[in-house]
Structure formats: C-alpha cells, structure tokens
Amino acid sequence: MSALGAARCPKFAGREGVIIGSGRYRSTVRIMFDGFKSPTSLHSTYIEPVVEEESASRSDRDAMPPDNTDTRNRR
C-alpha cells in the first residue's frame, strides 16, 4: 500500500497481495490480498509495487539451466 492508501484504508495498511486485473473503472485495480478469500477493488494510487520480491524471483529464474526436453529429434 502507498502512504495515501494506508491513510485512506487503514485496514489494508501493511498488507501485500497480487494484482489480478483491472476494475470496473480505469483508475481501479483488483487485488487478491494474501490470506483473503476474494479480491478487493482499490484505486490505483493506493497501491505500490514491492520491488524486492520481484527482483529475487527474476534472478532465480535467470540462474536456472535451460530445459533440454525437446524430443523431436531424438531416436
């Protein structure tokens, strides 16, 4: 949550989740907060990305060896 989002929606302050799509209006997004059963619509200025986790998952993906499961030319 951004500082504005935490001030306007204190019950969501400090929570993290995944954006699952756009809302009914251009300025809203649908978020599935961790531990919630259903998504929540919030104004796009109320959220901000978590950069640390994204960069860690991207480096793990780049470190993996290529998958050599192509069986088209095997005999």
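Each remark here, short or long, concerns the structure printed above.
My aim in this report is to walk through the structure given alongside it, one point at a time. (Residues numbered from 1 in each chain as written. Predicted model: local features only at pLDDT ≥ 70, side-chain atom pairs only at ≥ 80, totals over all residues. Heavy atoms only, no water.)

### Some details on the overall build of the chain
Right, on to step 1. Each helix and strand counted, the chain has 2 helices and 3 strands in total.
Right, on to step 2. Along the chain, from the amino end to the carboxyl end, the secondary structure elements read α-β-β-β-α.
Right, on to step 3. Out of the 75 residues belonging to the chain, those deemed buried represent 17%.
Right, on to step 4. In the chain, once contacts between residues fewer than 6 apart in sequence are set aside, the share between residues at least 24 apart is 28%.
Right, on to step 5. Carbon and sulfur atoms make up 51% of the accessible area of the chain, which totals about 6,400 Å². (Helix = DSSP H or I, 4+ residues; strand = E, 2+ residues; numbered from the N terminus. Buried < 20%, exposed > 50% of the residue type's maximum accessible area, 1.4 Å probe, protein only. Contact = heavy atoms within 4.5 Å. Areas by Shrake-Rupley, 256 points an atom, 1.4 Å probe, with all protein chains shown as cover.)

### Here's the deal with the layout of surface pockets
Right, on to step 1. Empty space within the largest pocket amounts to approximately 400 Å³.
Right, on to step 2. Around the largest pocket, the lining is made up of 14 residues, and of these Gly17, Val18, Glu48, Pro49 and Val50 lie nearest the centre.
Right, on to step 3. If you list the elements that add at least two residues to the lining of the largest pocket, you get strand 1 (17–22) and strand 2 (28–33).
Right, on to step 4. Taken together, the residues of the lining of the largest pocket break down into 8 nonpolar, 1 polar and 5 charged. (1 Å grid on protein atoms, 1.4 Å probe; cavity = no way out; pocket = protein on both sides within 12 Å on 5 of 7 lines; lining within 4 Å. Points joined across faces, edges and corners; volume = space filled by probe spheres on them. Nonpolar A, V, L, I, M, F, W, Y, C, P; charged D, E, K, R; others polar.)

### So, the side chain of threonine 28
Right, on to step 1. Here threonine 28 shows up in strand 2.
Right, on to step 2. Apart from residues no more than four positions distant in its own chain, threonine 28 is found in contact with Ser22, Gly23, Leu42, His43 and Ser44.

### Describing the nonpolar core
Right, on to step 1. Core analysis: the biggest nonpolar cluster contains 8 residues, these being Met1, Cys9, Phe12, Val29, Ile31, Phe33, Leu42 and Tyr46.
Right, on to step 2. The biggest single contributor to this core is strand 2, with 3 residues.
Right, on to step 3. Dropping the residues within four chain positions of it, cysteine 9 is found in contact with Met1, Leu42 and Tyr46. (Core = buried A, V, L, I, M, F, W, Y, C linked by side-chain atoms within 4.5 Å.)

### A short note on the environment of glycine 35
Right, on to step 1. Tracing the backbone through its elements, the reader meets glycine 35 in the loop between strand 2 and strand 3 (40–43).
Right, on to step 2. It is 9.4 Å that separates the C-alpha atoms of glycine 35 and glutamate 16, two residues lying 19 residues apart in sequence.

### Some remarks on the packing of aromatic side chains
Right, on to step 1. In this structure the tally under the stated criterion is 3 aromatic pairs.
Right, on to step 2. An angle of 10° between the planes, with centres 5.0 Å apart, marks the rings of phenylalanine 12 and phenylalanine 33 as stacked. Of this pair, phenylalanine 12 sits in the loop between helix 1 (3–8) and strand 1 while phenylalanine 33 is found in strand 2, placing the two residues 21 residues apart along the sequence. For the pair shown, phenylalanine 12 and phenylalanine 33 are each scored as buried.
Right, on to step 3. An angle of 50° between the planes, with centres 6.1 Å apart, marks the rings of phenylalanine 12 and phenylalanine 36 as tilted. (Phe/Tyr/Trp six-rings, centres within 6.5 Å; stacked < 30°, edge-to-face > 60°.)

Purely geometric stuff here, so don't read any function into it on its own.
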